[in-house]
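# Working through the structure, step by step
Residues per chain are reported as follows:
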Amino acid sequence: MARIFTVDEARSLMPAVLEHARAFVAVRADLAELTHDLRQAGASPLGGLPEAKGLEARMDEILSWFDAEDIEIKGVAPLLVDFPAVLGEVSVRLCWLEGETALGWYHRSDLGFPGRRPLP
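Residues numbered from 1 in each chain as written. Predicted model: local features only at pLDDT ≥ 70, side-chain atom pairs only at ≥ 80, totals over all residues. Heavy atoms only, no water.

### Quick word on the pattern of salt bridges
Basically, it comes down to this: A side-chain nitrogen of Lys or Arg and a carboxyl oxygen of Asp or Glu constitute a salt bridge if their distance falls within 4 Å. Numbering of helices and strands starts at the N terminus; helices are DSSP runs of H or I of at least 4 residues and strands are runs of E of at least 2.
Tallied over the entire structure, the rule returns seven salt bridges. In this structure, Glu98 and Arg28 form a salt bridge, with 2.8 Å as the shortest nitrogen-oxygen distance. One end of the pair, Glu98, is in the loop between strand S3 (90-97) and strand S4 (105-108); the other, Arg28, is in helix H2 (residues 14-41), with 70 residues separating them in the sequence. Here Glu72 makes a salt bridge to Lys74, at a shortest N to O gap of 3.3 Å. Put simply, Glu72, Lys74 and Arg93 are held in one network by salt bridges that share partners.

Below, the structure written as C-alpha cells:
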C-alpha cells in the first residue's frame, strides 16, 4: 500500500525535495543542451554520447529518491510531484510544481492538476 502523507509530513520533506529538484533541473538542462548540440553540430562542450548516458543515469538516480520516499512523479519538464494524502476524508494529492518554494497546493486524486487548489 502506498504511503499516505499528512501535510506536516510532506512539508517536512520539502527541503530535500527542493534539493533534489535543483539537482534534477541542472542535469535536465545539461542533457537538453548536450543532446541539441550533438544533433546540430555533432559535438558539444559538454561531451558526447558517454556523457549523455551519464546524465540520463544521473536523472534516473535523482528521480529514484522521490520513488523511495513514495512521492509520485507526475511530470519532469516541469518537475511536478504529488504526495498522496487525505484531507477531510477525501483522497487528495499534495502538489508541488517546479519553481514553487513551498508546498502550498493540493487537488483531489480523481481530478489531477486541473483541480489544483491552495492548501487550507
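And the narrative resumes.
### Here's the deal with the sheet that holds strand S2 (residues 79-87)
The test is simple: Whether two strands pair depends on DSSP finding at least two bridges between them. For this analysis, residues touch if any pair of their heavy atoms sits within 4.5 Å. Geometry is summarised by axes, namely lines fitted to C-alpha atoms with helices restricted to the contacting stretch, and by angles between N-to-C directions that run from 0 to 180 degrees.
Pairing is antiparallel across the open sheet formed by five strands, whose spatial order is S1-S2-S3-S4-S5. Looking at strand neighbours, the two that pair on one side only are strand S1 (72-76) and strand S5 (117-118), the edges of this open sheet. Both S1 and S2 contribute to a ladder of four bridges, which runs antiparallel. For Glu72, the partnering residue across the bridge sits in S2 and is Asp82. Docked against the sheet, H2 engages S1, S2 and S3, running at close to 155 degrees with respect to S2.

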